[in-house]
Amino acid sequence: MTQDFASPPRPVVNEFDVAKSLDIVAANPYHGTQDDFDGETSTYEGDYSRSLKHTNYLITETNGEAIGWDSKRQFPPYDGQFRLDVYTHISSGANMVEYWHWHSLHYGQETYWKGVLGHDLQPGRPYEEVSRTAHELQRIGPEIVDLRIKNQVAILYSSDSYHGIEFMKFSDNADYFTVLHQMWKALYHANVGVDFVFPESTNFSDYKVIVVPPLYIASDALLNRLSDYVKNGGHLVVAFKSGFCNEYSTVRWQLMPGPLKDAAGFHYQEFSNLKQPLPLKDDPFHVGTDNRVSDWAEMIIPDTAKPVAYYDHPFFGKYAAITQNQFGAGSLTYEGTVLTDKLQKAVLLGVLDRAGLTGPDQKLPPTVHVKHAQNRQGKTLHFFLNYSSTSQFFPYTYPSGVNLLAQNASVNQGERLLLQPWDLAIVEEK
Amino acid sequence: MTQDFASPPRPVVNEFDVAKSLDIVAANPYHGTQDDFDGETSTYEGDYSRSLKHTNYLITETNGEAIGWDSKRQFPPYDGQFRLDVYTHISSGANMVEYWHWHSLHYGQETYWKGVLGHDLQPGRPYEEVSRTAHELQRIGPEIVDLRIKNQVAILYSSDSYHGIEFMKFSDNADYFTVLHQMWKALYHANVGVDFVFPESTNFSDYKVIVVPPLYIASDALLNRLSDYVKNGGHLVVAFKSGFCNEYSTVRWQLMPGPLKDAAGFHYQEFSNLKQPLPLKDDPFHVGTDNRVSDWAEMIIPDTAKPVAYYDHPFFGKYAAITQNQFGAGSLTYEGTVLTDKLQKAVLLGVLDRAGLTGPDQKLPPTVHVKHAQNRQGKTLHFFLNYSSTSQFFPYTYPSGVNLLAQNASVNQGERLLLQPWDLAIVEEK
Amino acid sequence: MTQDFASPPRPVVNEFDVAKSLDIVAANPYHGTQDDFDGETSTYEGDYSRSLKHTNYLITETNGEAIGWDSKRQFPPYDGQFRLDVYTHISSGANMVEYWHWHSLHYGQETYWKGVLGHDLQPGRPYEEVSRTAHELQRIGPEIVDLRIKNQVAILYSSDSYHGIEFMKFSDNADYFTVLHQMWKALYHANVGVDFVFPESTNFSDYKVIVVPPLYIASDALLNRLSDYVKNGGHLVVAFKSGFCNEYSTVRWQLMPGPLKDAAGFHYQEFSNLKQPLPLKDDPFHVGTDNRVSDWAEMIIPDTAKPVAYYDHPFFGKYAAITQNQFGAGSLTYEGTVLTDKLQKAVLLGVLDRAGLTGPDQKLPPTVHVKHAQNRQGKTLHFFLNYSSTSQFFPYTYPSGVNLLAQNASVNQGERLLLQPWDLAIVEEK
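This structure is a prediction, so every number in the text was calculated from the model and none was measured.

Now for the pattern of salt bridges. Evaluation of the coordinates by the stated rule reveals 60 salt bridges over all chains. C:D36 serves as the salt-bridge partner of B:K275, at 2.4 Å between the closest nitrogen and oxygen. Here B:K275, found in strand β9 (residues 266–278), pairs with C:D36, found in the loop between β2 (25–28) and α2 (40–53), and the two come from separate chains. Across the pair C:D70 and C:K72 runs a salt bridge whose closest N-O atoms are separated by 3.9 Å. Residue C:D70 is classed as buried on the basis of its relative accessible area, which comes to 14%. By relative accessible area, C:K72 is classed as partly exposed at 27%. Taken together, the shared-partner salt bridges in this structure form one network comprising A:D70, A:K72, A:R73 and C:D172.

Following this line, the structure appears as structure tokens:
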């Protein structure tokens, strides 16, 4: 029994609940191609699908030659992108990749939702690449199926918070998902493997770091569990508006952030929208022109927390924008405002450093992504994927192994790996 | 018996008629705060409310900590703005200022239409400032209640003209209210006190200058009364499209501007929209880059009127854009096109000069506004209000008195007054 | 029996079928005035109306003083434009010009859809010009009525293709009509007389060049007739997406462009939208910054065709963008992408050169248009029309004649003609 989730997470569906009834989760990710292909969408929906039951999953639909219910978004993948996407899915834990459609349709709404075969029903460039990849899988499939992935970082996803914020939107430029995506993307592009956790999850302690997009709707119980997570040594990163309403979307009549106040180490009574972005005083994260916060500014008064950044403004300048609080054995880092991507990355990598989770994966070329997994034989695999039209060259820093895609050619620790455009290596440790 | 008018004037309501049944007029002005607070909205709605019955009025609702039916426009006032707004209302003739809400609500549509108390129900910054202001009023209230205000300039407001123009809009950028607001703002920022008059008003002769936004809909009787006002010595400023239709929104089958033709001293048969703004020939008002007219151009052929400005254009250049006509003992100044703010100000101040209505009030720093009134004891009050985040320093030019807000410290004619950011002085003449 | 077509062609009406039941075609062209008057709209709708029955036609409505269902588009014509528009119509084959309205209305939806007389019902500038033109026609009318116009170039108009493309739009910036208009305008501004032909037309062989906007919907029979037209010596210019669907809007399951494949001399299996415009490699038409294609890119693989232009791009660079194929006695030029106006003009003028259809008419000043016709007396007329606010001066290169609008003053071959702003000459050969 399966169900194909279309572009999860979609807050109109409670995929977490649905997944309880499924034998295996399936997802239909449709992603950017050509210059917009960077593995993001496939990995994001893969991380989410894998986290629903902590199992492998299926890709039941994904881009054939092009997609669209008109002919405005026809972007056939560049050479190599069909194949690279298959391995992107597998390296996230997928056990199957299936296309929609097999052949392009000749009339109706999905005339331009193209297949592996075009309208002429003759083998063409897309068919040739899919066929080559399929033959490759026939050979190395047993080594890369049923992969197990163990991450140290999780994102807490609350669809109730999405809906609560939508009811009382704080901006036309930002919302629950822009913050969640920004946090996930900062981790993805830093090559940090991420799971998702849910308000109902009982495994918070499996993770060294939990990242919390605006948790606008939450019960006291959930907030207390997050507070305990910190007390017991966890590192929590919490975005603005968290703790504001209870599970009935009713604002708490307490100093904010409500039950998180002790773990957060501050309180606030007021907040303001920002008509124009503001700089943080003295550019505390050294990000230059990206040193800007926007849209929303909580007017934070630290109690025990250390103010990490202040607003640079005659009126708002007396309030903290970002804080960090040691609480029990752990820490709570709070973002009281909307950050630029570079600020978000700086805040998150700072917390990862504190948790001892950074290393060589953060030093790869920007377009090269690495993912790690264990296969059925208990061997460790490293996937190095090059999402760019130029070749990439970088040192291999893990224990020596063989490249499954190059006739098991050996790859030695310290040796430099060369990846062609839109190509990859899969190194299996010996 | 009262009725709280929401943001008057609102043309869907005939406030003038409603006011006849009220003991006292009440208004609910919601205004910009933070960097957008300049006293404009409070004074504009105050001028209008005061003019409905020529009496004092009540403020039954205005901004608490923030407003909005979502959380996109949360702009808590800067320190001092709560208090300055109270005196803005009083100096326009208000006898009460009341907030909406007392405390912020915890659910529903107005969750973010914040009160004097926040969601935490504890005294905070807004409460402290409202409390301080209330104690001040307890002390000086008897001196500043029931103020009488006597202005020499009025604006003729015709809601029928608004509706007639909306039915046959002449621009997406300008309409009846953009012109009315532009005229009112030019006078407000020149510190010229303004009343409103109505088509039904019988007190035109109380004013030395009457300013007429596009009077598109008007009976012959009204136009004849305006013509008589000029003949008897009044100075009339009239915007384009005035006189075009009768009271049934039917275009007059006469040379335009219909019954105003003799007082105006010109006629026109044609008009054109302007795709691009045009300069006036030779920059007659010396406003440099603001020497532009736009949207609408009546092709005016002067009869007895003096052409004050011509369009600078190969085709339109033969027609006048602005004219002035001496008619009987008064004058009619006509604007046949949409002016920039600086041109509007230049035209209006020219007419005020002609009417002997300019003086030291026009020489104050731009962010300082002055208003004059008589109190119940017959004493003359001068309110000096500083709408800015910087201190202001300027000479006091009226007869010596005392500053009611500074323990009645004396203020001598010729002495320089210092106002702190978002602060004010109320000088009561001896 | 007539019917006034509003702004033809309008694809919701099959004017070609309707015209079969009419004695004479009539059209209501409303066009730009003031700086937007260039004869385009009047000529375009005239070319179309004349082509419906290959006869003269009537103008039953056109701009009076101004148009609009509000007062946002009031643009009374500059001096001379009323008259120049009348001769624009006549030179395209119109036998009558009638205005809507006679006098301006005083109320209702068309209050600002002005007439020849304004609201004041008194003669004004527009009336005077219409009156002058009417008296001129009274004098020279017999020489310029019932003109016969014989063009060598036609555009194939397919309303089915418009609808098919709209159902599956390929861009928000381009559609069937943007390409058709671009092709027509390139010819108009090159002073090339154009007829329209239709899928049902049987007179393709009357034309040396037929230009085909995206013929997305077409029967095999129509495509075979176009192929035969080329084989028999015609020069065909075909835009992208032509041949894609059959007459039931069903995509052909053949290599594209389907039945046109042999005449076109290439095939394609794939196509892509373009997020950003691309240059053509090596600027083959020498148009500098206009060397850009956009929106849609067919990935053309030439068989016998000569690639005229390639995309300049790492991936698309291996495919042709524009091709030309000699097929039988004629040629087929194909545009696989959306061109800039200058590229379109270069492609079309190249084909016209090949067909021997260029000459002195392409060397006139840009704002001067020339049209040629034969009158009832069998005499050849040349209309030279100046659509600009400046005088124009150029050589007259046709056999000597007389200027009907200048008391039959003689005009000799080689002499230079001077046209005043918005003025014209009608030279009748001796």
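What follows covers the pairing of strand β6 (residues 194–197) of chain A. All names here are of chain A. Residues of β6 alternate between two faces, with V194 and F196 on one and D195 and V197 on the opposite face, all of them buried. Sheet analysis places strand β5 (residues 153–156) next to β6, joined by four bridges and oriented parallel. Along β6, the bridge assignment pairs L156 with V197.

The interface is formed by 29 residues belonging to chain C together with 29 residues belonging to chain B. Considering only the side of chain C, the residues that lose the most area to chain B are C:K72, C:Y112 and C:D120, jointly responsible for 25% of the buried surface there. Linking chain C with chain B are four salt bridges, by the criterion used here. The partner of C:K72 in a salt bridge is B:D172, and the shortest N-O contact between them spans 2.7 Å.

This brings us to the packing of helix α2 (residues 40–53) of chain B against helix α6 (residues 176–189) of chain B. Residues and elements named next belong to chain B. One way to put it is that α2 packs onto α6 with a least axis distance of 11 Å and a crossing angle of 105°. It follows from the interaxial angle that α2 and α6 lie roughly perpendicular. Here E40, T43, Y44 and D47 of α2 come into contact with α6, specifically with F177, L180, H181, W184, K185, Y188 and H189. By residue class, the composition of the contact of α2 with α6 is five nonpolar, three polar and three charged.

What follows concerns the interface of chain B and chain A. Taken residue by residue, the interface counts 29 residues in chain B and 29 residues in chain A. Where chain B abuts chain A, roughly 2,300 Å² becomes buried across the two surfaces, and 53% of that area is made up of carbon and sulfur atoms. At the junction of chain B and chain A, the tally comes to four salt bridges. Linking chain B to chain A there are 19 residue pairs in polar contact (both at pLDDT 80 or more).

Moving on, we come to the relation of the copies chain B and chain A. At an RMSD of 0.0 Å, chain B and chain A line up after a rotation of 120° and a shift of 0.1 Å along the axis. Here the two chains are linked by the operation of a three-fold rotation axis. Rotation axis and chain B: the residue whose C-alpha lies nearest the axis is B:D172, separated from it by 14 Å.

The next thing to look at is a nonpolar patch on the surface. Together, A:V12, A:V13 and A:V18 line one region of the surface with nonpolar side chains, adding up to about 230 Å² of accessible area. Following the sequence through the fold, A:V13 ends up in the loop between β1 (4–6) and α1 (15–19).

When you line up the elements, B:E129 lands in helix α4 (residues 125–144). In this structure, B:E129 is in contact with B:Y78, B:D79, B:G80, B:Q81, B:F82 and B:R83, ignoring residues within four places of it in sequence.

The next point concerns empty space enclosed by the protein. Taken as a whole and assessed by the stated rule, the structure comprises 11 cavities of 30 Å³ or more. By volume, the largest cavity amounts to about 80 Å³. Every residue along the wall of the largest cavity is listed here: A:F244, A:Q254, A:M256, A:Y268, A:Q269, A:F271, B:K114, B:G118, B:H119 and B:D120. Taken together, the residues that form the lining of the largest cavity break down as four nonpolar, four polar and two charged.

Residue and element names in this part refer to chain A. On the basis of which strands lie adjacent, the open sheet formed by four strands has the order β1-β2-β3-β4 and parallel pairing. Both outer strands of the open sheet, β1 and β4 (94–97), are each paired with one neighbouring strand and no more. Put simply, the sheet's adjacent strands are angled 30° from each other on average, direction ignored. Bridge count for β1 against strand β2 (residues 25–28) is three bridges, and the pairing is parallel. Looking at the pairing, D4 lines up with A26 of β2. Against the sheet, helix α2 (residues 40–53) touches β1, β2 and β3 (57–59), its axis set at about 160° to β2. Along the sheet, helix α3 (residues 81–91) contacts β3 and β4; its crossing angle with β4, the most-contacted strand, is approximately 150°.

Residue and element names in this part refer to chain A. Evaluated as defined, the whole model comprises 102 aromatic pairs over all chains. Their ring planes at 90° and their centres at 5.0 Å tell us that Y30 and W113 sit as a pair that is edge-to-face. Taken as a pair, Y30 in the loop between β2 and α2 and W113 in the loop between β4 and α4 (125–144) lie far apart in primary sequence, 83 residues in all. A single burial state applies to Y30 and to W113, both of which are buried. Residues Y157 and F198 carry aromatic rings whose centres are separated by 6.4 Å and whose planes lie at 85° to one another, so their mutual orientation is edge-to-face. Here Y157, found in the loop between β5 and α5 (159–167), pairs with F198, found in the loop between β6 and β7 (209–212); they are 41 residues apart in sequence, far enough to count as distant. Through pairs of rings, three or more aromatic residues link up here, namely F16, Y44, Y48, Y157, Y162, Y176, F177, W184, Y188, F196 and F198. It is K241 that lies over the ring of F244; its NZ or CZ is 5.8 Å from the centre.

Residues and elements named next belong to chain B. Of all 14 residues making up α2, 12 are buried, and the element is well covered by its neighbours. Among the residues of α2, those classed as buried are E40, S42, T43, Y44, E45, G46, D47, Y48, S49, R50, S51 and L52. H54 occupies a position one or two residues after α2 and carries a positive phi of about 55°.

Turning our attention to the environment of A:Q254. You can see A:Q254 is positioned in the loop between β8 (235–239) and α8 (261–264). Taking the relative accessible area as the measure of exposure, A:Q254 reaches 35% and is therefore partly exposed. Along the sequence, A:Q254 and A:H267 sit 13 residues apart, while their C-alpha atoms lie 9.7 Å from each other. Here A:Q254 is in contact with A:P259 and B:D120, once residues within four sequence places are set aside.

The next subject is α4(B). Of all the bends in α4(B), the greatest reaches close to 55° and is centred on B:Q138; the proline B:P142 follows between one and four positions later. Within α4(B) the residues assigned to the buried category are B:R125, B:P126, B:E129, B:V130, B:S131, B:T133, B:E136, B:I140, B:G141 and B:I144. Buried positions along α4(B) lie against β9 (266–278) and β10 (293–302) of chain A together with α3 (81–91), β16 (380–386) and β21 (424–429) of chain B. The positive-phi residue at the C-terminal boundary of α4(B) is B:D146, with phi of around 60°.

All names here are of chain A. Structurally, S42 can be placed in helix α2. Under the relative-accessibility criterion, S42 is labelled buried at 1%. Setting aside its immediate chain neighbours within four residues, S42 contacts H31, D85, T88 and H89.

Now for the sheet that holds strand β4 (residues 94–97) of chain B. Whenever strands of a sheet pair, they do so through backbone hydrogen bonds, lying parallel or antiparallel. Residue and element names in this part refer to chain B. Strand order in the open sheet formed by four strands is β1-β2-β3-β4, with parallel pairing between adjacent strands. With one partner strand each, in any of the chains shown, β1 (4–6) and β4 form the two edges of the open sheet. The mean inter-strand angle of the sheet, taken between neighbouring strand axes irrespective of direction, is 30°. Across three bridges, the pairing between strand β2 (residues 25–28) and strand β3 (residues 57–59) is parallel. Opposite A27, over in β3, you have I59 as the bridge partner. Strand contacts of α2: β1, β2 and β3, with the helix running at about 160° to β2, the strand carrying the most contacts. Along the sheet, α3 makes contact with β3 and β4, crossing β4 at roughly 150°.

Thresholds, definitions, all that
- As a convention, each chain's residues are numbered from 1 in the sequence order in which they are written.
- Lettering for chains starts from A, numbering for ligands starts from 1, and both go in the order in which the items are written.
- Given that the model is predicted, a residue must reach a pLDDT of at least 70 before its local features are reported, and side-chain atom pairs must reach 80 or more before they are shown or counted; all residues, however, enter totals for whole chains, interfaces and linings.
- Note that the side-chain values use all heavy atoms of the structure and ignore hydrogens as well as water.
- A pairing counts as a salt bridge when a side-chain nitrogen of Lys or Arg comes within 4 Å of a carboxyl oxygen of Asp or Glu.
- Numbering goes from the N terminus for both helices and strands, where a helix is a DSSP run of H or I of at least four residues and a strand is a run of E of at least two.
- The buried label applies to any residue whose accessible area, calculated with a 1.4 Å probe on protein chains only, is under 20% of its type's maximum; exposed applies above 50%, and partly exposed to all values in between.
- In this analysis, strands are considered paired if DSSP registers two or more bridges between them.
- Contacts are assigned to residue pairs with any non-hydrogen atoms lying within 4.5 Å of each other.
- In short, buried area is how much 1.4 Å probe accessible area vanishes from two parts on joining, totalled over both.
- Where helices are involved, their axes are fitted lines through C-alpha atoms of the stretch in contact, as for all axes, and angles between N-to-C directions lie from 0 to 180°.
- Roughly parallel refers to an angle under 35 degrees, roughly antiparallel to one over 145, roughly perpendicular to one between 65 and 115, and oblique to any angle outside these ranges.
- For this classification, the nonpolar set comprises Ala, Val, Leu, Ile, Met, Phe, Trp, Tyr, Cys and Pro, the charged set comprises Asp, Glu, Lys and Arg, and every other residue, Gly included, is treated as polar.
- Any N or O atom pair separated by 3.5 Å or less is treated as a polar contact, with the protein-specific requirement of one donor-capable and one acceptor-capable atom, and with residues adjacent in sequence counted only for side-chain atom pairs.
- Residues below a pLDDT of 70 in either copy are left out; the C-alpha atoms of the rest, at least 70 in both, set the least-squares superposition of the copies.
- Residues enter patches when they are more than 30% accessible in relative terms and free of salt bridges; like-charged ones are connected within 9 Å and nonpolar ones (Val, Leu, Ile, Met, Phe, Trp, Tyr) within 5 Å.
- Only the protein chains shown count as covering a residue, and every accessible area follows the Shrake-Rupley method with a 1.4 Å probe.
- Lining residues are those with an atom within 4 Å of a point, where the points come from a 1 Å grid over the protein atoms alone and group into cavities, where a 1.4 Å probe fits but cannot get out, or pockets, open sets with protein on both sides within 12 Å along at least five of seven lines.
- Grid points are joined across faces, edges and corners, and a volume is the space filled by probe spheres set on the points.
- Two rings from Phe, Tyr or Trp (for Trp, the six-membered ring) form a pair when their centres sit within 6.5 Å of each other. Planes less than 30 degrees apart are called stacked, planes more than 60 degrees apart edge-to-face, and all others tilted.
- We count a charge as sitting over a ring when the NZ of a lysine or the CZ of an arginine lies within 6 Å of the ring centre and within 35 degrees of the ring normal.
- To get the bend at a residue, fit one axis to the 7 residues ending there and another to the 7 starting there, then take the angle between the axes.

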